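Chain by chain, the residues run as shown.
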Amino acid sequence: LALRVVCDVRILPPWLRSEAVAERTEGMPLRLAVFDFDQTLSVFHVYNTLAGGHDGWRIPPPHARTEVGQLALIAELDQKPEIHRQGGFAAAAFGGLNRVAQLSSLLEQLSQSGVECIICSRGLVGVVQKLLDQLGLLRFFSQVFANIGDTYGRSGYDSQHSPTSLGADARFLGTQEQTGWGSKSRC
């Protein structure tokens with residue numbers, strides 16, 4: 001299974017598009033694909049955006065740093081007309097519905113070829129799972145490894161929310177099995 005057969009090279013990073021890479025991978029079956037989340041699947045750094053960082057898309061306060069707080073904030077943002085017009089926060093984070101369709105096609109090709117896909121991120125499990133679920137992409141990933149809870153501290157907004165306030169979104173919260181790997185190389 002060659003890389004060029006597995007996926008649409010138009011959405012790959014330039015270093016994976018070359019014929020030299022395709023030739024080196026000829027005959028090497030791909031069994032596992034590990035994806036980063038922020039600025040790989042998403043087009044901007046989702047965690048930093050929701051936490052009020054200065055890189056990428058800037059949203060007005062309030063900002064959140066915990067898994068619960070960021071899930072609650074996404075639900076609030078999805079209700080804003082300017083974000084709703086873009087297809088919701090998830091669609092905006094992924095660069096629009098056309099790019100989501102391209103990613104879905106790539107992930108479908110990988111799945112049909114028997115490639116297991118996982119995510120290894122420094123972001124928050126709940127946020128990653130919710131956004132992927134909203135876009136119909138979570139089904140392609142067998143595991144999401146990232147941080148959980150209040151790894152990055154708490155904001156005032158975070159203190160106003162608890163897992164019970166999330167309603168159905170509480171199902172996206174990460175577990176201990178999905179975290180604690182220390183670095184991406186250990187994931």
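The structure this text deals with has already been given above.
Since the structure is predicted, the reported quantities are computational estimates derived from the model, not experimental observations.

Rules used in this analysis
Residues numbered from 1 in each chain as written. Predicted model: local features only at pLDDT ≥ 70, side-chain atom pairs only at ≥ 80, totals over all residues. Heavy atoms only, no water. Salt bridge = Lys/Arg side-chain N within 4 Å of Asp/Glu carboxyl O. Helix = DSSP H or I, 4+ residues; strand = E, 2+ residues; numbered from the N terminus. Buried < 20%, exposed > 50% of the residue type's maximum accessible area, 1.4 Å probe, protein only. Core = buried A, V, L, I, M, F, W, Y, C linked by side-chain atoms within 4.5 Å. Contact = heavy atoms within 4.5 Å. Phe/Tyr/Trp six-rings, centres within 6.5 Å; stacked < 30°, edge-to-face > 60°. Pairing = 2+ DSSP bridges. Right-handed = clockwise from strand over helix to strand, strands pointing away. Axes fitted to C-alpha atoms, helices over the stretch in contact; angles between N-to-C directions.

## Notes on the pattern of salt bridges
Between side chains of opposite charge, a pair can form as their charged atoms come close. On inspection of all chains with the given rule, the structure shows three salt bridges. In this structure, R139 and E108 form a salt bridge, with 3.7 Å as the shortest nitrogen-oxygen distance. Residue R139 is located in the loop between α8 (125-134) and β3 (141-147), and its partner E108 is located in helix α7 (residues 97-112); the two are separated by 31 residues in the primary sequence. Residue E108 is classed as partly exposed on the basis of its relative accessible area, which comes to 27%.

## Here's the deal with the nonpolar core
One finds F89 and F94 to be the most contacted residues of the largest nonpolar core, which totals 47 residues. Breaking this core down by element, the ones donating at least two residues are β1 (32-35), α3 (46-51), α4 (67-79), α6 (89-93), α7, β2 (116-124), α8 and β3. Counting residues per element, this core draws most heavily on α4, which supplies six residues. Sequence-distant contacts of F89, that is, excluding residues within four places in its chain, are made with F44, V46, T49, L50, W57, I74, L77, D78, I83 and L131.

## Things to note about the packing of aromatic side chains
The relation between two aromatic rings is expressed through the spacing of the ring centres and the mutual angle of the planes. Summed over all chains, the structure comprises six aromatic pairs. Aromatic side chains F37 and F94 sit 5.7 Å apart centroid to centroid with 65 degrees between the ring planes, which places their arrangement in the edge-to-face category. With F37 in the loop between β1 and α3 and F94 in the loop between α6 and α7, the pair connects residues that are 57 residues apart, well separated along the chain. As far as burial versus exposure is concerned, F37 and F94 are alike and both buried. Here the aromatic rings of W57 and F89 are separated by 5.7 Å at their centres, their planes lie at 15 degrees, and the arrangement is stacked. Of this pair, W57 sits in the loop between α3 and α4 while F89 sits in helix α6, placing them 32 residues apart in sequence. For F89, a relative accessible area of 0% translates into the label buried. An aromatic cluster is defined as three or more aromatic residues linked by ring pairs; in this entry it consists of F44, W57 and F89.

## Describing unusual backbone geometry
Residue P62 follows P61 across a cis peptide bond; omega there is 10 degrees. With respect to the helices, strands and loops of the structure, P62 is situated in the loop between α3 and α4. Phi angles above zero are rare outside glycine, and Q39 is one such case at about 65 degrees. You can see Q39 is positioned in the loop between β1 and α3.

## With respect to the pairing of β3
By the criterion of burial, β3 is predominantly enclosed, with five of the seven residues buried. Judged from the five bridges that link them, β2 and β3 form a sheet pairing that is parallel. Directly across from I119, in β3, lies its bridge partner V144. Regarding topology, α8 serves as the crossover connection from β2 to the parallel β3, and that connection is right-handed.

## Considering the sheet that holds β2
Within a sheet, each strand pairs with its neighbour through backbone hydrogen bonds, oriented either parallel or antiparallel. Strand order in the open sheet made by the three strands is β1-β2-β3, with parallel pairing throughout. One side of each edge strand has no neighbouring strand; the edge strands of this open sheet are β1 and β3. Strand-to-strand twist across the sheet, computed as the mean angle between neighbouring axes with direction ignored, equals 20 degrees. Here β1 runs beside β2; their pairing, made up of four bridges, is parallel. For F35, the partnering residue across the bridge sits in β2 and is I119. Contacting β1, β2 and β3, α7 crosses the sheet at an angle of about 150 degrees to β1. Contacting β2 and β3, α8 runs over the sheet at an angle of about 130 degrees to β2.

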